[in-house]
Amino acid sequence: MNSDCLLRITKSNLRHNFLPYALLSSGLLLFVPVIFGICELDRQLSAQPLEMYLSLTGMFVLTPVFMPEQNTEIRDTVRSKRMDCTEVYLIRSLYSLLFMALIIGGFTLYMHHMNCDVDKWHFISGYGAALFLGSVGFFVSGVSGNTVAGFMASSVVYIANFGMGKKFGDLCIFTISYHTNGRIWVLYAVSAVLIITALIADRYKKSI
Amino acid sequence: MLFFKECKKVFFSVTYFIYLAVMILMFISQYWFDAKITVEKPVEGGDFGCTTVFDAETIMPNATAAFMNDFYNGEFICYPYGFIKKVHPDAFENEKLCSIISEITGYSAAEIEELRNSAAVLEYYEEFSTTPKIQYKFPDLKIAEGMTYEHFCELIDEADDILGGGSSYNSDGLEYYSKEVPITYEEALAEYNEFAEDDKVTGGLARLFCDYLGIDIVLIPVFVAAAFTYTDRKKKISDIIYSRKISSAKLVLTRFAALVVMMLIPVLLMAAAAHIQAAKLYSGTELDNTVFYTLTLEWLLPNLMAATAFGMLITELSSPIIAEILGIAVWFKEVCLGSYELVGDISSFDLIIRHNSEMYRSVFMANYSEFIFSRCFWAGIALVMVTGTIAVYELKRGGVLNEFRLPFKNNKIKSKA
């Protein structure tokens, strides 16, 4: 695959498949400071907008990665091409992950500018929460061939964390907000396993 | 028969499986373990906890002291949209707040400033925080002579408006500053008798059951309905179904009924499990053997209908993803921005009704008319949304309407054409 082909695929996907979800995440980014006072927050409160609200970005951008090919006609067309479908999924996943980092990283810097008590762990934890929510949706969507189910599973994990966060142990996504002492790397590791498993499962699935 | 075919389709969908898992998890993790702790008859001489009693003479100085503490710290914690906002008043706002304190206490602005220096100061750290906080204490704080509670409420509401709303200084939230008194044996016994005799045990437990399951039943059915409604489009069979003889009303109503029935059955089965648990835990006590089922239908069915109809309507109009995102937004608004009171705060348009206790029957019954109104209201809204879904389906069938899409997608198609 040459770089020109790669660029065309990325541009086309960004325009047709990614833009609505990027706009939705950007809307969330603008909405958070309106409802949540971002000024001189202490360490624990500073984690809330990142872990509890901007983490939804992961659900919005990672869950629909498989969506276009879940239309059987598109899937058949894509499969008839020389380029491997998994590579397209990887491209979509990579720019989604980058976009999440931009949103959460940018907001962390904005919070720092607003004299909130934030450090690199806020970014790591917020990004971990978004990654985990997104990877749950990604996994269910990839394995079941149903993006709606992916969004549902991701939402359920999010809501369950609100009610029973600490009971999830290392998989609680509100690590700093709930002061769980959870090992954040576990969130990253489980997310990686979910994403890789979904990609493998999709590759070996004959039909949706 | 079409209804049973649709029920079968619902049953074998992935989203229904997730629905079952979530509802069972909610039932076991929240209700089952709470209900396991039996309510015992109070014994004379025991400790029955505390309750607050309204006492204007306690509320006014306590609320004023807390208000002055925040004023001196220059920081007020507010929840204008249900989320925390630290408000730092500017000089103009501070002047207005100072004049309110002055009117409440009778002190001049200079005396209020002096009081800051003479107040007892306590430095403390909040949990997990490394920044010290200062608490000013005013043991002998006086309220201006002739200050009535009504006028005090007006002034405190004015302060709340200056702060942008959502502070703890508003007339509705002043009971927080009220006096705490111990609950007497007679009061505890009366509460127990309400539970055992008026509610016949299961009445109270049924309320707790509906309270817990009502949280999820407002959201999860939206996903199931959205995925189910989207199936035709996903499988590219919409056009085939459009060409069939069956009327749009019959098709949409059958699907709606299938979704509602299939999602209601597990809830009723869980109500039966809760009933059996109650019969075992309270054996020898007279129980109301129907209330678990009647209250489930009365309390949860309108929510289930509304969520299902919402999922169907939005999916027909646009896409299942939009239905899900809007569903989450509505749920978030109801749960996070709704009432803070978990017991005794029911209003006529509440979608999620909260009564997180098997006790306090009288508090629930005091709001019973609002409860009934809200249930009828949401059942009515559900029927309006189903009618809307039929109309949209009919228009799409006639080729008059297509689902709404984001403009840039259509632009691309047009440019190609």
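Residues numbered from 1 in each chain as written. Chains lettered and ligands numbered in written order. Predicted model: local features only at pLDDT ≥ 70, side-chain atom pairs only at ≥ 80, totals over all residues.

Here we look at the packing of helix α2 (residues 14–36) of chain B against helix α8 (residues 202–216) of chain B
Residue and element names in this part refer to chain B. Contact geometry for α2 and α8: axes closest at 10 Å, N-to-C directions at 145 degrees. Considering how the two elements wind past one another, α2 and α8 form a crossing that is right-handed. Contacts between α2 and α8 involve Val-22, Met-23, Met-26, Phe-27, Gln-30, Tyr-31, Asp-34 and Ala-35 from the first element and Leu-205, Leu-208, Phe-209, Tyr-212, Leu-213 and Asp-216 from the second. Among the residues forming the contact of α2 with α8, the class breakdown is 11 nonpolar, 1 polar and 2 charged. (Axes fitted to C-alpha atoms, helices over the stretch in contact; angles between N-to-C directions. Helix = DSSP H or I, 4+ residues; strand = E, 2+ residues; numbered from the N terminus. Left-handed = near helix turned anticlockwise from the far one by under 90°. Contact = placed C-beta atoms within 7 Å. Nonpolar A, V, L, I, M, F, W, Y, C, P; charged D, E, K, R; others polar.)

Describing the environment of Phe-364 of chain B
All names here are of chain B. Checked against the element boundaries, Phe-364 lands in helix α14 (residues 361–366). Placed 10 residues apart in sequence, Phe-364 and Arg-354 show a C-alpha to C-alpha distance of 9.8 Å. If we skip the residues at most four places from it in the chain, Phe-364 touches Arg-207 and His-355.

Examining the domain arrangement of chain B
Reports often express the size of an interface as the amount of accessible area lost when the parts come together. Assigned domains within chain B: domain 1 (2–42 + 189–416) and domain 2 (52–182). For domain 1 of chain B and domain 2 of chain B, the distance between their C-alpha centres works out to 42 Å. (Domains from an automatic or database assignment.)

Comments concerning the environment of Ser-108 of chain B
Turning to its location among the elements, Ser-108 of chain B is positioned in the loop between α4 (91–105) and α5 (109–118). Sequence spacing of Ser-108 of chain B and Cys-98 of chain B is 10 residues, and the spatial spacing of their C-alpha atoms is 9.0 Å.

Quick look at the packing of helix α1 (residues 3–35) of chain A against helix α5 (residues 85–113) of chain A
All names here are of chain A. Following both chains from N to C, one finds α1 and α5 inclined at 30 degrees, their axes separated by 11 Å at the closest point. When the axes of α1 and α5 are compared, the pair comes out roughly parallel. Crossing of α1 against α5: the hand is right-handed. Here Ile-9, Thr-10, Asn-13, Leu-14, Asn-17, Phe-18, Ala-22, Ser-25 and Leu-29 of α1 lie close against α5, whose contacting residues are Val-88, Ile-91, Arg-92, Tyr-95, Phe-99, Ile-103 and Phe-107. Residues belonging to the contact of α1 with α5 are distributed by class as follows: 11 nonpolar, 4 polar and 1 charged. (Parallel < 35°, antiparallel > 145°, perpendicular 65-115°, else oblique.)

A look at the interface of chain A and chain B
Taken together, the contacts link 27 residues of chain A with 26 residues of chain B. Elements represented by at least two residues in the side of chain A that touches chain B include exactly α1, α2 (43–53), α4 (72–80) and α7 (147–164) of chain A. With 8 residues, α7 of chain A is the largest single contributor of residues to the side of chain A that touches chain B. Residues belonging to the side of chain A that touches chain B are distributed by class as follows: 15 nonpolar, 8 polar and 4 charged.

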